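Residue strings, one per chain:
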Amino acid sequence: MRIILLGAPGAGKGTQADSIKAKYPVAHISTGDMLRFHVKQETELGKNAKAYMDAGKLVPDDVIIAMMEHRLQEEDAKEGFMLDGFPRTIAQAEALDAMLSKLQLKLDAVVNLMIDDDTVVGRLTSRRVCRQCGEIYNTVLKPSSKEGVCDKCGGEVVQRDDDKEEVIRKRLSVFHEQTAPLIDYYSNQGLLVAVDATGGKDAVLKILEQKKANA
Ligand code: AP5
């Protein structure tokens, strides 16, 4: 399986990926997680990316494209992958096309998780994540059993730096301006599958299963 999870910040790309992974053990490649790892490790890349991320802006295309060129050549990606948060601009999508053609790989589907901005703001202001294992929580819908402690690994559960309302609004405007054009880009390639992002945490898995059954 080779798919892209496309959608606004907070549409549930990470949450849907977790459900899919439980059934199809393909590599879950999240550029946001990769960048946060670099920020935590204080690498050169992380130091450069942090200011963009904290401001809700996109990290420059050349940085992301170079990072993904390496990642897609790693062993686990050969068996299949879910791309979460990449591509995010037309330039990144064109670079991905070139990478896949070099590796002689094809995408199976691009899932467009559809959601409105107000729902996103509600979700992201109440999102919490485990600093250690990345497990996603929500103070309203899915709190950890003990506040601030991860049920899965005992790590610290915190709010992401970019989950403050003004930064969320900026991320949404960047999405509408720079990422939404990818909907037409992939629709024109016949790859787009639209999914209601409010339809449950395994909405994408269900659609993929249906597609497989009909193939
Ligand atoms: P990134 O980490 O990719 O953030 P994002 O796209 O803004 O997406 P999120 O991780 O915020 O949300 P999500 O869709 O995964 O939702 P989640 O499942 O967590 O990127 C961060 C930053 O890195 C960017 O701003 C940029 O600076 C940089 N960056 C990353 N990739 C880049 C690229 N390619 N190019 C340039 N820069 C890049 O769910 C959200 C909440 O909703 C959770 O609390 C969850 O419990 C809840 N929820 C999820 N699904 C449901 C549901 N069905 N019903 C009810 N609640 C739900």
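Now for a description of the structure that goes with this document. (Residues numbered from 1 in each chain as written. Predicted model: local features only at pLDDT ≥ 70, side-chain atom pairs only at ≥ 80, totals over all residues. Heavy atoms only, no water.)

Secondary structure assignment for the protein yields nine helices and eight strands. Against the compact-globule benchmark of 17 Å for 215 residues, the protein has a radius of gyration of 17 Å, which places it among compact chains. When its C-alpha atoms are laid out on the principal axes, the protein stretches across 45 × 40 × 35 Å. The long-range fraction of contacts in the protein, counting pairs at least 24 apart against all pairs at least 6 apart in sequence, stands at 72%. A total of about 11,300 Å² of accessible surface is found on the protein, and carbon and sulfur atoms cover 50% of it. Here the protein carries 30 positive and 33 negative side-chain charges, and the mean point of each set is 3 Å from the other. (Helix = DSSP H or I, 4+ residues; strand = E, 2+ residues; numbered from the N terminus. Rg over C-alpha atoms; globule rule 2.2 N^0.38 Å. Contact = heavy atoms within 4.5 Å. Areas by Shrake-Rupley, 256 points an atom, 1.4 Å probe, with all protein chains shown as cover. Lys, Arg positive; Asp, Glu negative; His and termini not counted. Charge placed at Lys NZ, Arg CZ, Asp CG, Glu CD.)

Topologically, Asp84 is positioned in strand 3 (residues 81-84). For the buried Asp84, which has no salt bridge, the nearest side chain bearing the opposite charge is Lys13, at an N-O separation of 5.0 Å. At 2.9 Å, the side chain of Asp84 forms a polar contact with the side chain of His28. If sequence neighbours within four positions are ignored, Asp84 has contacts with Leu5, Lys13, Gly14, His28, Ile29, Ser30 and Thr31. (Buried < 20%, exposed > 50% of the residue type's maximum accessible area, 1.4 Å probe, protein only. Salt bridge = Lys/Arg side-chain N within 4 Å of Asp/Glu carboxyl O. Polar contact = N/O pair within 3.5 Å; in protein donor to acceptor, adjacent residues only side chain to side chain.)

Further remarks concern the sheet that holds strand 8 (residues 192-196). Sheet architecture is open: five strands sit in the order 2-3-1-4-8, paired in parallel fashion. The open sheet has two free edges, formed respectively by strand 2 (27-30) and strand 8, since each of these has just one partner strand. Neighbouring strand axes in the sheet, compared pairwise and without regard to direction, differ in orientation by 20° on average. On the sheet, helix 1 (residues 13-23) packs against strand 1 (2-7), strand 2, strand 3 and strand 4 (109-114) and is oriented at approximately 155° with respect to strand 1. The strands touched by helix 9 (residues 203-214) are strand 1, strand 4 and strand 8; relative to strand 8, the strand with the most contacts, the crossing angle is about 135°. (Pairing = 2+ DSSP bridges. Axes fitted to C-alpha atoms, helices over the stretch in contact; angles between N-to-C directions.)

Residues of helix 1 that are buried: Lys13, Gly14, Gln16, Ala17, Ser19 and Ile20. In this structure, the buried side of helix 1 is in contact with strand 1, strand 2, strand 3, strand 4, strand 6 (136-138) and helix 9.

Taking every second residue as pointing to the same face, both faces of strand 2 are buried, with Ala27 and Ile29 on one and His28 and Ser30 on the other. Sheet topology places strand 2 next to strand 3; four bridges connect them, and they run parallel. By the bridge assignment for strand 3, Ser30 is matched with Asp84.

Let us now look at the packing of helix 4 (residues 61-71) against helix 5 (residues 90-103). The N-to-C vectors of helix 4 and helix 5 enclose an angle of 25°; their axes lie 10 Å apart at closest approach. Taken as axis vectors, helix 4 and helix 5 run roughly parallel relative to one another. The crossing of helix 4 and helix 5 is right-handed. In this structure, helix 4 uses Asp61, Ile64, Ile65, Met68 and Glu69 to contact helix 5, whose residues at the interface are Ala91, Gln92, Ala95 and Met99. (Parallel < 35°, antiparallel > 145°, perpendicular 65-115°, else oblique. Left-handed = near helix turned anticlockwise from the far one by under 90°.)

Core analysis: the biggest nonpolar cluster contains 29 residues, and Ile29, Met68, Phe81, Leu83 and Tyr186 have the highest contact counts within it. Looking at this core, the elements with two or more residues in it are strand 1, strand 2, helix 2 (31-41), helix 3 (44-54), helix 4, strand 3, helix 5 and helix 8 (181-188). Among the elements that line this core, the one with the most residues is helix 5, at five residues. In this view, Ile29 contacts Met34, Met68, Arg71, Leu72, Ala77, Phe81, Met82, Leu83 and Asp84; residues no more than four positions away in its chain are not counted. (Core = buried A, V, L, I, M, F, W, Y, C linked by side-chain atoms within 4.5 Å.)

Before going further, it helps to examine the site of the ligand. If you check the shell around the ligand, you find 34 residues, and the closest are Thr15, Lys57, Arg88, Arg127 and Arg171. Gly14 places a polar main-chain atom, nitrogen or oxygen, 2.9 Å from an oxygen atom of the ligand. Between the ligand and the protein, one listed contact pairs an oxygen atom with a side-chain N or O atom of Arg160 at 3.1 Å. Surface burial for the ligand is 96%, taken as the share of its 1,000 Å² of free accessible area covered by protein chains. Contributions of two or more residues to the shell around the ligand are made by helix 1, helix 2, helix 6 (117-125) and strand 6. Grouping the constituent residues of the shell around the ligand by class yields 14 nonpolar, ten polar and ten charged. (Near = heavy atom within 4 Å. Nonpolar A, V, L, I, M, F, W, Y, C, P; charged D, E, K, R; others polar.)

It is worth spelling out the environment of Tyr52 at this point. Considering the arrangement of structural elements, one finds Tyr52 in helix 3. In sequence terms Tyr52 and Met114 are 62 residues apart; their C-alpha atoms lie 25 Å from each other. Discounting residues that sit within four places of it in the chain, Tyr52 has contacts with Lys57, Leu58, Val59 and Pro60.

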